[in-house]
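Spelled out, the chains give:
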Amino acid sequence: EVNRSFPDYVYSGSASGKVWRTTNGGSDWTEITAGLPGRSINDIGADPSDPDRAFATVGGFNTAHLWEWTAAGGWTAAGTGLPNVPANSVLVLSALDVFVGTDTGVFRSVDGGQTFQPFMAGLPEGLVVTDLKYNQLQNILTAGTYGRGAWQVQIGPVGPIVLFDSIEHPPVEIAGDGDT
């Protein structure tokens, strides 16, 4: 995973459960596996707003399926609300907006990966999602599936969008008759 905002920050995971990180475009790598369960690393997603934060999805059952890494704290389990099935893909759109593709569909977090809700948006139920990609220019999420092709959906924003903000001005007399 190459961080799209900080391209010198790259993460690599393996089927043997190891994760490495480089901060200089691949000249030097550091293993950051400590703290993860002994499961295959299915995908890694880098936070485009923080080069020192990433998520990893792991295979298997009966363990956390999403793990958050920070340079200050190492790996911690995340993903309350994800089903007890392998997580195959993770996509970090922002510090708050995280998507996970699992063996039973797509899930979205709007609180930085702590809690998830199903995000099927027209996908058939029980769909095995093997990969997630994001087209930033068109704001489109593509879900690659096992045996059912690729599905696309336009992503809505997280939280309200403020178009105008109010500014409070002191009262000003206009006509000279005491009205403001």
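As shown above, the structure is provided for reference.
Quick caveat: nothing in here was measured; it's all calculated off a predicted structure.

1. Re the layout of surface pockets
Of the volumes computed, that of the largest pocket is approximately 260 Å³. Forming the boundary of the largest pocket are 15 residues, of which Glu-1, Val-90, Leu-91, Leu-132 and Lys-133 lie nearest the centre. Secondary structure elements with two or more residues in the lining of the largest pocket: strand E4 (41-46), strand E8 (87-92) and strand E12 (129-135).

2. Comments concerning the sheet that holds strand E13 (residues 140-145)
The antiparallel open sheet is built from three strands, whose spatial order is E12-E13-E14. The two strands at the open ends of the sheet, each matched to only one other strand, are E12 and strand E14 (150-154). Between one strand axis and the next, the sheet turns by 20° as a mean value, whatever way the strands run. Where E12 meets E13, six bridges bridge the pair, whose relative direction is antiparallel. Bridge assignment links Asp-131 to a residue of E13, and that residue is Gly-144.

3. Things to note about the pairing of strand E1 (residues 10-13)
One ladder, built from four bridges, connects E1 with strand E2 (residues 19-22); its direction is antiparallel. Bridge assignment links Val-10 to a residue of E2, and that residue is Thr-22. Count of turn residues in the E1/E2 antiparallel hairpin: five residues, of which Gly-17 carries a positive phi of about 90°.

4. Let's talk about the sheet that holds strand E6 (residues 66-70)
Ordered by their spatial adjacency, four strands build an open sheet running E4-E5-E6-E7, and the pairing between neighbours is antiparallel. Every interior strand has two partners, whereas the edge strands, E4 and strand E7 (74-78), have only one. On average, each strand axis in the sheet is tilted by 25° relative to the strand beside it, whichever way the strands run. Sheet analysis places E4 next to strand E5 (residues 53-58), joined by five bridges and oriented antiparallel. Looking across to E5, one finds that Gly-45 is bridged to Phe-55.

5. Here's the deal with the packing of aromatic side chains
Overall, the coordinates contain four aromatic pairs when judged by the stated rule. Between Phe-6 and Tyr-9, the ring centres sit 6.2 Å apart and the planes meet at 75°, which makes this aromatic pair edge-to-face. Exposure remark for Phe-6: the relative accessible area of 29% places this residue in the partly exposed category. An angle of 55° between the planes, with centres 6.4 Å apart, marks the rings of Trp-69 and Trp-75 as tilted. Each member of the pair Trp-69 and Trp-75 is classed as buried.

Each value, and the rule that gives it
Residues numbered from 1 in each chain as written. Predicted model: local features only at pLDDT ≥ 70, side-chain atom pairs only at ≥ 80, totals over all residues. Heavy atoms only, no water. 1 Å grid on protein atoms, 1.4 Å probe; cavity = no way out; pocket = protein on both sides within 12 Å on 5 of 7 lines; lining within 4 Å. Points joined across faces, edges and corners; volume = space filled by probe spheres on them. Helix = DSSP H or I, 4+ residues; strand = E, 2+ residues; numbered from the N terminus. Pairing = 2+ DSSP bridges. Axes fitted to C-alpha atoms, helices over the stretch in contact; angles between N-to-C directions. Phe/Tyr/Trp six-rings, centres within 6.5 Å; stacked < 30°, edge-to-face > 60°. Buried < 20%, exposed > 50% of the residue type's maximum accessible area, 1.4 Å probe, protein only.

Worth remembering: the numbers are spatial, not functional.
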